[in-house]
Each structure stands twice: as structure tokens, then as C-alpha cells.
Amino acid sequence: MSVSQLVEEYTTLAIRSGGWMEMDRLYLRNRLLSLIGESEFLGAESVEPRSGLALLDGLVEIGINNRVTGRSIPERDILESKIGDLLTPPPSVMNALFAERYDKNPVDATDYFFEISRQNNYIKTREIANNIVFPVKTEYGELEITINLSKPEKDPKQIALEKTAPPAKYPKCLLCMENEGYEGRLNYPARTNHRLIRMNLNGESWGLQYSPYAYYNEHCIFLAEEHRPMAISQETFKRLLSIVEIFPHYFVGSNADLPIVGGSILSHDHYQGGRHTFAMAKAPIETAIDLPLFKEVSGGIVKWPMSVIRLQSKNQQQLIQASYYILEQWKQYSDVSLEIQALSADGTPHHTITPIARRVADLYEMDLVLRDNNVSEEHPEGIFHPHRDVQHIKKENIGLIEVMGLAVLPPRLKDELLEVERYLLGLDNEIADYHLAWAEDLKKRLLIKEETVHQQVQEEVGLIFARVLEDAGVFKRDQAGQAGFRKFTDGL
């Protein structure tokens with residue numbers, strides 16, 4: 001395909017996206033030619049445009065060949081983002097188009113924003129497709145396992161470039177609104193094609209964006225305009241329920257606000273949501289809870305490896321008050337017999353909650369996952385953190401997404417698990433030492449066959465993830481743990 005044909009088709013897509021009009025065609029064409037280092041337009045056929053991603057690849061390759069940019073990942077991303085920006089309406093227009101669709105149907109609004117974010121390559125659909133994803137049936141339902149391969153590995157040249165790049169204080173963090181339209185640099189991602197939907201959330205300015213490296217369908221982020229640390233408070237529950245009222249087809253949840261049990265970015269107040277039903281949402285209540293202070297709220301203990309209290313009500317205000325009440329009770333609650341300690345001797349807090357909100361028919365539902373970030377001599381990474389015998393599979397913090405039943409496992413496992421399979425089959429292998437004990441156990445328990453070994457290893461990884469979640473549960477699934485859980489809920 002000729003350069004001019006690529007430019008013409010991409011220009012047509014840009015006009016269709018809603019941010020431009022036919023009168024802008026010449027302007028867009030010339031902007032695009034400039035971005036890829038071309039100076040002439042030699043005419044093109046009037047045809048139905050190919051996909052935005054296919055056209056984008058061709059345009060970026062022309063830019064690289066014309067030495068507009070280099071071939072390193074960050075250099076390529078910056079050019080991709082600039083080209084994708086032409087396909088993306090400006091923030092004011094994007095918000096107006098979103099609002100116009102929202103007035104008809106909230107689903108139409110998010111569908112539009114989501115599709116634009118895919119077409120302009122802000123959401124890295126092709127990289128996400130590299131992830132290894134499989135379900136595993138467990139006693140807690142069907143857990144989802146993801147080996148995360150979407151973020152490309154950095155080569156030595158890129159690492160060296162990043163080390164020599166000057167430090168910067170702008171944007172303040174990866175979630176700040178000032179990322180919208182930011183060009184990026186060698187040690188910071190390109191965001192020229194990034195857009196935010198502005199929201200008034202209980203009198204505060206917030207934004208909605210999608211996650212570039214999504215782990216599930218329509219993985220989105222709600223973020224405060226103010227750059228402030230995350231905190232679980234009564235306002236958290238208010239905001240979560242307001243969000244599911246605005247977007248009833250989305251769930252929304254917050255990472256905890258303490259180290260070890262918290263998320264990766266504790267410096268900026270934000271939540272994660274999306275259009276996906278996790279295993280935890282499908283898990284049933286196995287023990288009812290009486291909440292005499294909140295007559296319009298029903299509650300129960302969820303059958304889940306972590307310690308989850310589920311609340312339901314048609315009354316938003318009572319549900320907010322009940323959630324906050326349980327948070328405050330948990331922050332002060334200790335049970336030394338179960339290694340549960342709310343405060344250190346110096347008053348340092350160790351208890352918080354991972355909350356998740358959703359709509360279920362005409363009910364508002366709030367799941368409260370009890371968290372404890374204490375450490376011990378036996379478990380220096382965390383008493384309620386993956387224990388060392390399962391860290392060969394998962395040793396990272398258990399955040400919101402894992403809590404709900406979706407494992408995000410490290411890229412190293414792609415090759416390591418293949419070596420485990422070779423070991424089990426008695427073939428030459430380079431199995432990692434830290435997988436040996438597990439592999440030997442599998443040999444004893446399973447009938448290993450060449451045609452089934454891959455599925456067997458995947459199933460065992462899923463069972464280990466269930467164990468990881470059990471480790472993170474503050475009230476264990478044994479008799480003593482469940483008795484302790486009921487003791488806490490009886491006190492409510």
C-alpha cells in the first residue's frame with residue numbers, strides 16, 4: 001500500500017471518530033505526513049479504510065524508515081501515540097460525545113469511549129493478546145489464571161537510555177490527570193492519545209480512563225483529580241456506590257490502603273472497575289450475619305478463600321454506614337490466637353479493607369475483604385501474604401484483581417512451566433530449583449502423560465493460586481479460623 005493510501009484511509013478513520021469534520025481532511029493529511037517524515041501526497045483511492053491498528057503499523061514503520069524516530073520501544077510508542085492522537089477527539093469533544101451518548105444509554109457511552117481507546121492503540125490490544133489465560137475449577141468456583149506477557153521486556157539499550165534520562169517531576173505520577181496528551185519520554189510512557197472522561201463524584205472532580213494493559217473486559221480506572229494518597233474511608237464507600245449508580249453495568253473496587261496488602265500505586269487515590277464478572281462475585285453466602293444497627297442491610301460471610309463479608313441493600317445511605325461501621329470495627333479488632341493484630345505497640349495500624357461494589361438487579365452490593373499486613377519471623381513478607389512454599393508461583397502482593405479471583409502471574413512462568421512439564425515427562429530440562437519440590441509432589445500424585453501434562457500443570461497452578469488466596473485470608477478456612485470469623489461478625 002502506498003504512503004498516500006495509508007494517510008488517506010487513516011484520515012478517514014479520524015474524521016469518523018467524531019473529533020473532526022470533512023473540512024479538516026487537508027489539515028489532518030498534512031499533520032500526518034509531517035509526523036511520519038513525508039512531504040508529498042500523491043493521491044489515493046476512495047475505499048473503505050482498513051482497521052486503525054493495521055494502518056497505524058504501516059505509518060509508524062514509514063516514520064522509522066524516514067528516521068523520524070528510532071526503533072526502541074519508547075521511541076516507537078511516542079510516535080504511535082502521536083499518530084493515534086489524530087484519531088482521538090480532543091478532551092472537550094470526547095466528553096461532549098460521551099455525554100450525548102450517556103443521555104441515551106450509559107452502555108453506549110462506555111462502548112464508544114472503549115472502542116476509541118482500542119482503535120487509537122491507547123489500549124494495547126495486540127500486546128494483551130500475548131497473555132496466557134486459562135480457567136481452573138476449584139472448590140471456590142472457576143478461578144482465572146493470567147500469565148502476564150503484555151508489557152514487552154526492556155532490552156539493554158532501552159535500560160541504558162532510561163538510566164541516562166534526566167529525572168522529572170511532571171507528571172507527578174502515572175495516574176495524574178496531567179498525563180492526558182503527554183508526549184512521553186524514554187523513561188515515561190507516551191500518553192498523547194490518552195483521554196479522560198470527567199466526572200463530578202459527590203462534589204469532587206474525578207476522571208474515568210481505561211487501563212492500557214487490561215487484565216479483563218473494559219478494565220477501567222477512576223481517579224481523583226487531586227494527587228493524594230489512597231485511603232479507605234466513609235467517602236470511599238460513598239464514591240464506589242455513586243460510580244455503580246452512574247455506570248450500573250460496571251463493578252468498581254479499591255485496593256487496600258496499606259503496604260503489603262495494598263496496590264502498586266498507593267500515592268494516588270483511585271479505583272478499578274470494568275465490565276466483568278469475577279469468581280468472587282458468583283460465590284455464595286454461606287453464613288448469614290445479623291446487623292441490628294442497619295435494619296435495611298442484609299449481610300453474610302462469602303464462601304471464598306479470603307475473608308469476605310457481603311452486604312446488600314436498596315438503601316445506599318445505610319449500606320455506606322454499615323460498610324464504614326465494619327471497617328472501623330475491623331481496624332480495632334485483634335485475635336492473638338489467630339495471629340490477627342490490629343495495632344503495633346507503637347500504634348501503627350495493620351488492618352484495612354478491600355471493598356468492591358456492584359449492582360445486582362435493584363440492589364446495591366458491597367463486598368468487604370478483611371486485610372491484615374502484619375509480618376512475623378516465620379512470614380517476613382507478610383503473615384497474610386503468599387507463604388514461601390507457593391512463592392515459586394506467586395510472591396507479589398495480592399491486590400484487588402487477585403482478591404476477586406483473577407491471578408496475575410509473572411512472565412517468567414511462561415518458560416518455567418514448560419521446563420516443569422519436561423521434567424515430569426523425564427525429558428532433558430532446565431527446571432528452576434524452586435520448582436523442584438512442587439514437581440516431585442506432582443510426580444507422586446498424578447498420572448503424567450504427554451497428551452495431558454500441559455493441562456495438569458495448568459490445573460495445579462490454579463490450585464496453588466487458590467492456596468495463595470487462602471494464605472491472604474485473615475480467618476482461615478479451617479474450624480478455628482471460621483469460628484474466629486463468626487466471633488468477629490457476632491460482635492457486629
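The coordinates are above.
A brief report on the enclosed structure follows. Please read these numbers as outputs of a predicted model, since none were measured by experiment.

**A word on the overall build of the chain**
- Counting its regular elements, the chain contains 16 helices and 13 strands.
- At 25 Å, the chain has a C-alpha radius of gyration in line with the 23 Å of a compact globule built from 492 residues.
- Judged by the C-alpha coordinates and their principal axes, the chain covers about 80 × 60 × 45 Å.
- When each of the 492 residues of the chain is scored for burial, the buried share is 54%.
- Partitioning the intrachain contacts of the chain with sequence separation of at least 6 by distance along the chain shows that 63% fall at a separation of at least 24.
- Carbon together with sulfur atoms contributes 51% to the accessible area of the chain, which is approximately 22,000 Å² in total.
- Here the chain carries 53 positive and 71 negative side-chain charges, and the mean point of each set is 2 Å from the other.

**With respect to the layout of surface pockets**
- One number sums up the size of the second largest pocket: a volume of about 270 Å³.
- Considering the residues around the second largest pocket, the lining is formed by 18 residues, among which Ile128, Ala214, Tyr215, Tyr216 and Asn217 are closest to the centre.
- Mapped by element, the contributors of at least two residues to the lining of the second largest pocket are helix 6 (106-119), helix 7 (125-128) and strand 2 (141-147).
- By residue class, the composition of the lining of the second largest pocket is 9 nonpolar, 6 polar and 3 charged.

**Observations concerning the side chain of histidine 249**
- Structurally, histidine 249 is set in the loop between helix 9 (234-246) and strand 6 (251-253).
- For histidine 249, a relative accessible area of 19% puts it in the buried group.
- A polar contact of 2.9 Å, which involves the side chain of histidine 249, links it to the side chain of threonine 110.
- Setting aside its immediate chain neighbours within four residues, histidine 249 contacts Pro106, Val107, Thr110, Gly274 and Arg275.

**Considerations on the packing of aromatic side chains**
- Going through the model one piece at a time under the given rule, you end up with 22 aromatic pairs.
- A ring pair is formed by phenylalanine 98 and phenylalanine 113, whose centres lie 6.2 Å apart and whose planes are at 85°; its orientation type is edge-to-face. One end of the pair, phenylalanine 98, is in helix 5 (residues 91-104); the other, phenylalanine 113, is in helix 6, and 15 residues separate them in sequence. The pair phenylalanine 98 / phenylalanine 113 is uniform in exposure class, with both members buried.
- For the pair tyrosine 140 and tryptophan 304, a centre-to-centre distance of 6.4 Å together with 65° between the ring planes defines the contact as edge-to-face. Taken as a pair, tyrosine 140 in the loop between strand 1 (132-138) and strand 2 and tryptophan 304 in the loop between strand 9 (298-302) and strand 10 (308-313) lie far apart in primary sequence, 164 residues in all.
- Relative accessible area serves as the criterion here: at 6%, tyrosine 140 is assigned to the buried category.
- Here tryptophan 304 falls in the buried class, since its relative accessible area comes to 0%.

Thresholds applied
- Residues numbered from 1 in each chain as written.
- Predicted model: local features only at pLDDT ≥ 70, side-chain atom pairs only at ≥ 80, totals over all residues.
- Heavy atoms only, no water.
- Helix = DSSP H or I, 4+ residues; strand = E, 2+ residues; numbered from the N terminus.
- Rg over C-alpha atoms; globule rule 2.2 N^0.38 Å.
- Buried < 20%, exposed > 50% of the residue type's maximum accessible area, 1.4 Å probe, protein only.
- Contact = heavy atoms within 4.5 Å.
- Areas by Shrake-Rupley, 256 points an atom, 1.4 Å probe, with all protein chains shown as cover.
- Lys, Arg positive; Asp, Glu negative; His and termini not counted.
- Charge placed at Lys NZ, Arg CZ, Asp CG, Glu CD.
- 1 Å grid on protein atoms, 1.4 Å probe; cavity = no way out; pocket = protein on both sides within 12 Å on 5 of 7 lines; lining within 4 Å.
- Points joined across faces, edges and corners; volume = space filled by probe spheres on them.
- Nonpolar A, V, L, I, M, F, W, Y, C, P; charged D, E, K, R; others polar.
- Polar contact = N/O pair within 3.5 Å; in protein donor to acceptor, adjacent residues only side chain to side chain.
- Phe/Tyr/Trp six-rings, centres within 6.5 Å; stacked < 30°, edge-to-face > 60°.

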